[in-house]
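For reference, the chains in residue letters:
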Amino acid sequence: MAIVQILFLLAFPLAALQLAARNKFFNIIGPVVLCYIGGILFTLIPGMDVATGISKTVSEAVIPLAIPLLLFSLNFMAWLRFARSAVISFSLALVSVVVMSIAGFYVLGGTVENPAEVSGMLIGVYTGGTPNMAALGTILGVPEDTYLLMQTSDVVLGGIYLLLLLSVGRRVARLFLRPFSDTAENAGNVGNAEPGLEEAAIAGLNWSDLPPILQAFGLSALIVVVSAGFGFGLSGLFGSKDIFVPLVMLGLTACAIFASFYAWVRGLRGSYESGEYLILIFCVAMGSLVNPASLFSAGQQFLVYCGFVMIGAIVLHMFLGWLFRLDADTMLVASTAAIYGPPFVPAICDALRNRQLLISGLTTGLVGYAVGTPLGWLVTKFLGG
């Protein structure tokens, strides 16, 4: 049974990616949601005795390895130099989710356990997605039940918002935001200008790309070891085990960003896709830990809390975009990158018929991976968590 479980955790993400690539309906749902559903359905197979220890170990192991892989292909300097509107729009998204998460703590904090941690994790998930929420859940020591209820609430609310984005999002946004125009400020997204994300990170892969993928995995593993040593040394120096995980996450992010300044690292084909694959493994593992009965009996308050933060952050983000006179397409892509992370950006760009914002959207989503975890941790500590 243990071997079957491990094989399922490794193989189902590949199946989810194939389903999303070959079927329009599954593509709308997305691989992340498919993997959560797959993990839950796995527990319902008759005679299947899921070993929670295996799923927990896998979920805790893949996140540190995935974060550097997701950040290697990011070119910070090019993104900051060219994508002015994207920088402003994504910054407004960060401000919006921080404001609404703090507001949620004071308005609804009495309805859930660990409200400071919940607000911090919501900042993480709405500034880059699942990797940030997973990292913060580990850093803050959030109980599994709380994490799973939050994740399920996010999937429900996120699914509704995604359908709106894919259908009427642009028409609604253009009621108060100006149309997109290809001006000099968007030069970084088109033409021969240096993009914010290396082309190798978004091109199709084949077996010949295995060597660079292995190099990326090796570099990521080295960063994990260095970051663990950094965390172990400083936590021992200060005599506090509580700061070990935050220090490791800080080390992972800093080392990965530093590595991304080297062109050969950014050009490692398949590094981003490899990180995404590990995130999908995490999603399957977390889904296999879900207790469906508990979701229906105790999840309503988390749905309300997440809805307050998410909907409030979206409305505030769009209002700030109107104040800063930003265009509708840039705002919608930035909102997608913040709430869902990079994997959903191409679908939104297709729905908007605006491929010029693809690079900025992918890049802002990757920046969200980098800043969401420390930002969520800081707000949690500010709120007394």
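Structure first, text after, so check above.
Residues numbered from 1 in each chain as written. Predicted model: local features only at pLDDT ≥ 70, side-chain atom pairs only at ≥ 80, totals over all residues. Heavy atoms only, no water.

**Some words on empty space enclosed by the protein**
The final tally for this structure, using the stated rule, is 3 cavities of 30 Å³ or more. The computed volume of the largest cavity comes to approximately 80 Å³. Lining the largest cavity we find Ala93, Val97, Tyr126, Met310, Ala313, Ile314, His317, Ser335, Ala338 and Ile339. For the lining of the largest cavity, the element with the most residues is helix α16 (residues 300–323), which contributes 4 residues. Among the residues forming the lining of the largest cavity, the class breakdown is 8 nonpolar, 2 polar and no charged. Considered as a void within the structure, the second largest cavity measures approximately 40 Å³ in volume. If you trace the second largest cavity, you find it lined by Ala86, Thr330, Val333, Ala334, Leu357, Ser360, Gly361 and Thr364. (1 Å grid on protein atoms, 1.4 Å probe; cavity = no way out; pocket = protein on both sides within 12 Å on 5 of 7 lines; lining within 4 Å. Points joined across faces, edges and corners; volume = space filled by probe spheres on them. Helix = DSSP H or I, 4+ residues; strand = E, 2+ residues; numbered from the N terminus. Nonpolar A, V, L, I, M, F, W, Y, C, P; charged D, E, K, R; others polar.)

**Things to note about the side chain of Thr146**
Mapping Thr146 onto the fold places it in helix α9 (residues 144–167). If we skip the residues at most four places from it in the chain, Thr146 touches Asn114, Val118 and Phe302. (Contact = heavy atoms within 4.5 Å.)

**A short note on a nonpolar patch on the surface**
Taken together, Val156, Ile160, Leu164, Val168, Val172, Leu175, Phe176, Leu303, Phe319, Trp322, Leu323 and Phe324 make up a surface patch of nonpolar side chains, about 1,100 Å² in accessible area. Elements with a minimum of two residues in the nonpolar patch: α9 and α16. When residues in the nonpolar patch are grouped by element, the largest group, 4 residues, is from α16. When you line up the elements, Val168 lands in the loop between α9 and α10 (169–173). Classification of Val168 as partly exposed rests on a relative accessible area of 32%. (Patch = residues over 30% accessible without salt bridge, like charges linked within 9 Å, V, L, I, M, F, W, Y side chains within 5 Å. Areas by Shrake-Rupley, 256 points an atom, 1.4 Å probe, with all protein chains shown as cover. Salt bridge = Lys/Arg side-chain N within 4 Å of Asp/Glu carboxyl O. Buried < 20%, exposed > 50% of the residue type's maximum accessible area, 1.4 Å probe, protein only.)

**Remarks on unusual backbone geometry**
Not every positive phi belongs to a glycine, and Asn114 is a case in point at roughly 55°. Mapping Asn114 onto the fold places it in the loop between α6 (84–108) and α7 (115–125). The backbone of Arg325 shows a phi angle near 55°, a positive value even though the residue is not glycine.

**Thoughts on the environment of Ala103**
In this fold, Ala103 is placed in helix α6. Classification of Ala103 as partly exposed rests on a relative accessible area of 24%. Between the C-alpha atom of Ala103 and that of Phe308, which follows or precedes it by 205 residues, the distance is 9.0 Å.

**Quick notes on the packing of aromatic side chains**
Aromatic rings in a pair are described by how distant their centres are and how their planes are angled relative to each other. Scanning the entire structure with this criterion turns up 8 aromatic pairs. Between Phe25 and Phe26, the ring centres sit 5.5 Å apart and the planes meet at 65°, which makes this aromatic pair edge-to-face. On the basis of relative accessibility, which here comes to 26%, the residue Phe26 falls in the partly exposed class. In textbook terms, an aromatic cluster arises when at least three aromatic residues are bridged by ring pairs, as seen for Phe8, Phe12 and Phe42. (Phe/Tyr/Trp six-rings, centres within 6.5 Å; stacked < 30°, edge-to-face > 60°.)

**What about the pattern of salt bridges?**
Scanning all chains against the criterion turns up 3 salt bridges. Two residues, Glu144 and Lys56, come together in a salt bridge whose shortest N-O distance is 3.2 Å. Taken together, the residues Glu144 in helix α9 and Lys56 in helix α4 (residues 52–71) connect sequence positions 88 residues apart. Lys56 sits in the partly exposed class, given a relative accessible area of 33%. The residue Arg170 makes a salt bridge to Asp329 at a minimum N-O spacing of 2.7 Å. Placement of the pair is Arg170 in helix α10 and Asp329 in helix α17 (residues 328–340), with a sequence separation of 159 residues. Given the relative accessible area of 23%, Arg170 is considered partly exposed.

**Concerning helix α19 (residues 358–382)**
With 25 residues, α19 extends 35 Å from end C-alpha to end C-alpha; this agrees with the ideal 36 Å at 1.5 Å per step. Within α19, the axis deviates most sharply at Val371, by approximately 40°, and proline Pro374 lies no more than four positions further along. Of all 25 residues in α19, 18 are buried, a share of seventy percent or more. Just downstream of α19, Gly384 is the residue with a positive phi angle, here 95°. (Expected span 1.5 Å × (residues − 1). Bend = angle between axes of the 7 residues up to and from the residue.)

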